[in-house]
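Fold and contact review
What follows is each chain in one-letter form.
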Amino acid sequence: MYAWVLMGEDKDLGKFLNFAELQFPCMKMEKYKEYEKDVAIEEIDGLQLVKKLAKNMEEMFHKKSEAVRRLVEAAEEAHLKHEFDADLQYEYFNAVLINERDKDGNFLELGKEFILAPNDHFNNLPVNISLSDVQVPTNMYNKDPAIVNGVYWSESLNKVFVDNFDRDPSLIWQYFGSAKGFFRQYPGIKWEPDENGVIAFDCRNRKWYIQAATSPKDVVILVDVSGSMKGLRLTIAKQTVSSILDTLGDDDFFNIIAYNEELHYVEPCLNGTLVQADRTNKEHFREHLDKLFAKGIGMLDIALNEAFNILSDFNHTGQGSVCSQAIMLITDGAVDTYDTIFAKYNWPDRKVRIFTYLIGREAAFADNLKWMACANKGFFTQISTLADVQENVMEYLHVLSRPKVIDQEHDVVWTEAYIDSTLPQAQKLADDQGLVLMTTVAMPVFSKQNETRSKGILLGVVGTDVPVKELLKTIPKYKLGIHGYAFAITNNGYILTHPELRPLYEEGKKRRKPNYSSVDLSEVEWEDRDDVLRNAMVNRKTGKFSMEVKKTVDKGKRVLVMTNDYYYTDIKGTPFSLGVALSRGHGKYFFRGNVTIEEGLHDLEHPDVSLADEWSYCNTDLHPEHRHLSQLEAIKLYLKGKEPLLQCDKELIQEVLFDAVVSAPIEAYWTSLALNKSENSDKGVEVAFLGTRTGLSRINLFVGAEQLTNQDFLKAGDKENIFNADHFPLWYRRAAEQIPGSFVYSIPFSTGIVNKSNVVTASTSIQLLDERKSPVVAAVGIQMKLEFFQRKFWTASRQCASLDGKCSISCDDETVNCYLIDNNGFILVSEDYTQTGDFFGEVEGAVMNKLLTMGSFKRITLYDYQAMCRANKDSSDSASGLLDPYHAFLAAVKWIMTELVLFLVEFNLCSWWHSDMAATAQKLKQTLEPCDTEYPAFVSERTIKETSGNIACEDCSKSFVIQQIPSSNLFMVVVDSSCLCESVTPITMAPIEIRYILLL
């Protein structure tokens, strides 16, 4: 019925796009032919490429490791020469007190003048690159003799800090975390309290410290929940368990068993085994801690038997850490020493260490617990208040470190990727500029003094941070192709770097996802259902793997289906493995051109030329005097020979010069268009742009910068549309997957809930040869006003093929609805302007459903394993609140007050007080929590150019016709508006949370 609207003349609908083609001279092949003898197409050897990249990373990591090793040697030498002096008086630079004055204007004690100056290498934070300073935890005394002596002998590290920075100017923070609790940091910086006026940082709780200080371990935690543990004792016990969990990392395995007359696994589904101590598991167990309550009689013998059996069985499976094993016993007393149990399971080898934590002030049963710990190479400690928990829990780490210390095992450890939040002011800066992922290389520092060497005394841990972006600089993005990327994972399969890693979510401001540091490779490369790629990389193998992938772009709204070849190998000297993904077709080929330096330099001088800021053409970090240079400025200086110390990628720069020369004519073309007012008289086209495979960009404005409708487009903050360290611009990637010579049109998606845009972007790719094996050498595009684009469309749709040019019916008729949609089903033009940017299936569900049935469009199911879902949370101030250290402190104050009258009411008052806290009003609040989701994306079938159909509805028949607009990704759809077909449910792209059912 409505076929005439589309088929009067194919040209009529295509004509409205001609205005876009005027902006694309497409860098005619004649320019390439001038250099044909100097042009070569090479197939990329993926295996050799990944091996070379791994070697580059190995050298970079080794450089950082050597800096840490020098710190270890200096620290151990300084301590060896030092004699402890209990009366030592030493004024050091306290990071909290520096530059602070009293009311009389005098510097505070330990707060001398400390010169600070903003430094761009350290995110423009005020630092002192000549000296380090010292942070002491809030709960420790600044002038404790142990701390003063440690600060005194570690002062000698200043010289090594500075020397390391001179040798490797790319280094950032270097530090020494003392076993006594103080933290020496270089460069020196002032520490500011957080919004609560608190500095809760303790270096001994950081993963880099724990990993370096101890070996991987299997741990069973036994918690006494007998009746005598009621009240605050149970609260302290829960906090102790929580603090122990904080000290466990991804290489550790654990379980928690509560006991009275019976055994109660905190997670009943995990009886008789151990689980990996990753963040998800630890948080899951923490939630279950709240369900523990005290009653009955404590039968410790049953619990010990169970713990030894679990550790023995788990060790025999070859799973777990296959290293240290320990039982953590948290109780308010033991009536026996249980030596028969230890004789049965643990003597004489004593492979399982026993750590005992006596809860409460009473010491009646302390001797039994001390004996158990000492007889099994463990440690005993008493925890009387919540404030004592953290310091006492940390003691077990020093015991577990003794074998490494005695054997002098200076193992280098690398952490998984994490976002640093050590400094509150750095955190605030990160909120403004974007948080930075990093990894830490660390090594333990041991005492070498003769009187302590046999005892295995750990002095602390030294380390330095390595931003993940430093790794990306070693990766030549131009050799990976448009869709190619490099990624790295840890020995546990967690992502160190991957373009699909999303550590942040937005709700008002950027926030870290709770599980951002433990995203598994299988959660981003989810098409590998059998984990072939993941397992090979975890096992540090070298090889190749191929699979079809569905890569989402444009904020997850669109999908590109392609086949990737993965190449992988290990990075020696680290726990990391490196992978490279290359897309088949044009992504497997590399194009080389050649021009003279003089030609290239001339065309690089144009003011509209820019290069990818995050690509490493030249290393501007090696020398301080180069850090202010942009990559383009560095290249020009390098080519002119004015900076002999600059180290640059000669091969990449040669290709940049070629692209500059070949793309130069487009500037003259754009200038002629700008001068020819008739071509863009109403200023509908606002900006034209070009990008090449080397990260070179050219931008031409047809309106003043202040008149641009989209002020953010192609700016540094518009990450999806500029060249980044890990991906090409969106308009480049999408154009590369279209048929050569065709144009991709789209409306940018906003980050808000409702997508409403007022511009249209169009782009097309340029291939050297008209075949799949030819590399895509560039892409060009324009951005125009949406109103201008729509006006062109409506004008074209009213042109008819009849002799008199009149239309018997048109899109203006009330009986039809006309739409212009793209190949992913999003509306660019509709008679209802508010539908612009909406998914067509939400507006015309019946038609979209029919198009799917007919095969004109196909649905692709996607998965997001890094999603955040809304959940209702109980916001009561029950025992879970006490696990927060500040709530814990308040509870401790209340407990002290209770102790004053304890002789009157014994546990009753304490129990009443805490039950009162647990009985506060239950309120539900919505929070965002990590979840897995499934959602659809839609893609048009390229071979279907035109189709029509009828839909049988309840009381009418709905007709429609769809036709592809030539040389574009657009379709015009005309729908009968008289038949509403309301019984058909709209098709949405809303994600659905995946709920997992645990089968017992």
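Bear in mind that the values here come from a model prediction, so they are computed numbers and not experimental data.

**Digging into the sheet that holds strand 40 (residues 970-976)**
Taken in spatial order, the five strands line up as 35-34-40-39-38 in an open sheet, and their pairing is antiparallel. Of all strands in the sheet, those with a lone pairing partner are strand 35 (827-830) and strand 38 (946-952), marking the two edges. Looking at each pair of strands side by side, their axes are set apart by 20 degrees on average, direction ignored. Looking at chain direction, strand 34 (residues 816-822) and strand 35 are connected through three bridges and run antiparallel.

**Description of the environment of Lys295**
Looking at the secondary structure, you find Lys295 in the loop between helix 10 (279-289) and helix 11 (300-316). Residue Lys295 is classed as partly exposed on the basis of its relative accessible area of 49%. Each C-alpha atom, one on Lys295 and one on Glu261, is 9.2 Å from the other, the two residues being 34 residues apart in sequence.

**A look at the packing of helix 5 (residues 46-81) against helix 7 (residues 157-167)**
Axis separation between helix 5 and helix 7 bottoms out at 9 Å; the angle between their running directions is 165 degrees. As judged from the angle between their axes, helix 5 and helix 7 are roughly antiparallel. Between helix 5 and helix 7 the crossing geometry is right-handed. Within the contact between the two elements, helix 5 uses Lys63, Ala67, Arg70, Leu71, Ala74 and Ala75 and helix 7 uses Leu157, Val160, Phe161, Asn164 and Arg167.

**Some details on the pattern of salt bridges**
In total, this model carries 42 salt bridges according to the counting rule given. A salt bridge links Asp168 to Lys64, with the shortest nitrogen-to-oxygen separation between them at 3.0 Å. Placement of the pair is Asp168 in the loop between helix 7 and strand 5 (174-178) and Lys64 in helix 5, with a sequence separation of 104 residues. The exposure classification of Asp168 matches that of Lys64, with both residues buried. Between Arg204 and Glu391 there is a salt bridge, and its shortest N-O distance comes to 2.8 Å. Highlighted residues: Arg204 in the loop between strand 6 (183-186) and helix 8 (207-213) and Glu391 in helix 14 (residues 389-393), separated in sequence by 187 residues. Exposure remark for Arg204: the relative accessible area of 1% places this residue in the buried category. Each of the salt bridges in this network shares a partner with another, and the network as a whole consists of Glu42, Lys479, Arg592 and Glu651.

**Digging into the sheet that holds strand 18 (residues 485-489)**
The five strands are arranged 19-18-24-23-22 in an open sheet whose pairing can be described as antiparallel. One side of each edge strand has no neighbouring strand; the edge strands of this open sheet are strand 19 (495-497) and strand 22 (543-553). Each strand axis lies, on average, 35 degrees off the axis of its neighbour in the sheet, ignoring direction. Examined bridge by bridge, strand 23 (residues 558-570) and strand 24 (residues 577-583) share seven bridges and lie antiparallel to one another. The residue of strand 24 that forms the bridge with Thr569 is Leu578. Along the sheet, helix 5 contacts strand 22, strand 23 and strand 24; its crossing angle with strand 24, the most-contacted strand, is approximately 145 degrees.

**With respect to helix 6 (residues 145-154)**
A large share of helix 6 lies buried, amounting to seven of its ten residues. When helix 6 is considered as a whole, its buried residues turn out to be Ile147, Val148, Asn149, Gly150, Val151, Trp153 and Ser154. For helix 6, the elements touching its buried residues are helix 5, strand 4 (133-135), helix 7, strand 5, strand 6 and strand 17 (458-467). Capping of helix 6 at its N-terminal end is provided by Asp144; its side-chain oxygen lies 2.8 Å from the backbone amide nitrogen of Ala146.

**Points about the packing of helix 22 (residues 631-639) against helix 23 (residues 650-663)**
Where helix 22 meets helix 23, the axes come as close as 12 Å, and the angle between the chain directions of the two elements is 100 degrees. When the interaxial angle is binned, helix 22 and helix 23 end up roughly perpendicular. Of the residues in helix 23, those in contact with Ile635, Tyr638 and Leu639 of helix 22 are Lys650, Ile653 and Leu657. A per-class count over the contact of helix 22 with helix 23 returns five nonpolar, no polar and one charged.

**A closer look at the state of the cysteines**
Evaluated as defined, the whole model comprises five disulfides. The side chain of Cys869 participates in a disulfide bridge whose partner is Cys931; the two sulfur atoms lie 1.9 Å from each other. Disulfide Cys869-Cys931: torsion about the S-S bond near 75 degrees, hence right-handed. Of this pair, Cys869 sits in strand 36 (residues 857-874) while Cys931 is found in strand 37 (residues 924-940), placing the two residues 62 residues apart along the sequence. A relative accessible area of 7% places Cys931 in the buried class. Across the disulfide from Cys956 sits Cys979; the S-S distance is 1.9 Å. Measuring the twist about the S-S bond at about 65 degrees, one finds the Cys956-Cys979 disulfide to be right-handed. Highlighted residues: Cys956 in the loop between strand 38 and strand 39 (957-964) and Cys979 in the loop between strand 40 and strand 41 (992-993), separated in sequence by 23 residues.

**Here we look at the nonpolar core**
Among the nonpolar cores identified, the biggest contains 182 residues, and Trp208, Tyr566, Leu578, Leu604, Tyr745, Met784 and Phe789 are the most heavily contacted of them. At 14 residues, the largest contribution of residues to this core is made by helix 5. If you look at the next biggest cluster of nonpolar residues, it comprises 39 residues, including Ile210, Phe285, Ile383 and Met394.

**A look at the confidence of the model for the chain**
Interpretation of this model should avoid reading the predicted coordinates in detail wherever pLDDT is low. When pLDDT is averaged along the chain, the result is 84, and 86% of the positions lie at 70 or above. Throughout residues 429-433 the model reports pLDDT below 50, and contacts reaching past four residues in sequence, or to other chains, amount to five contacts.

**Quick word on the pairing of strand 6**
A two-sided burial pattern is seen for strand 6, the buried positions comprising Phe183 and Gln185 on one face and Arg184 and Tyr186 on the other. Pairing analysis gives three bridges linking strand 4 to strand 6, with the strands arranged antiparallel. Paired with Asp133 across the bridge in strand 6 is Gln185. Pairing of strand 5 with strand 6, which is carried by four bridges, proceeds in the antiparallel orientation. The residue of strand 6 that forms the bridge with Gly177 is Phe183. Counting the residues that bridge the hairpin from strand 5 to strand 6 gives four residues, and of these Gly181 lies at a positive phi of roughly 115 degrees.

Reading the values: rules and limits
Residues numbered from 1 in each chain as written. Predicted model: local features only at pLDDT ≥ 70, side-chain atom pairs only at ≥ 80, totals over all residues. Heavy atoms only, no water. Pairing = 2+ DSSP bridges. Helix = DSSP H or I, 4+ residues; strand = E, 2+ residues; numbered from the N terminus. Axes fitted to C-alpha atoms, helices over the stretch in contact; angles between N-to-C directions. Buried < 20%, exposed > 50% of the residue type's maximum accessible area, 1.4 Å probe, protein only. Parallel < 35°, antiparallel > 145°, perpendicular 65-115°, else oblique. Left-handed = near helix turned anticlockwise from the far one by under 90°. Contact = heavy atoms within 4.5 Å. Salt bridge = Lys/Arg side-chain N within 4 Å of Asp/Glu carboxyl O. Polar contact = N/O pair within 3.5 Å; in protein donor to acceptor, adjacent residues only side chain to side chain. Nonpolar A, V, L, I, M, F, W, Y, C, P; charged D, E, K, R; others polar. Disulfide = S-S within 2.5 Å. Core = buried A, V, L, I, M, F, W, Y, C linked by side-chain atoms within 4.5 Å. pLDDT = per-residue confidence, 0-100.

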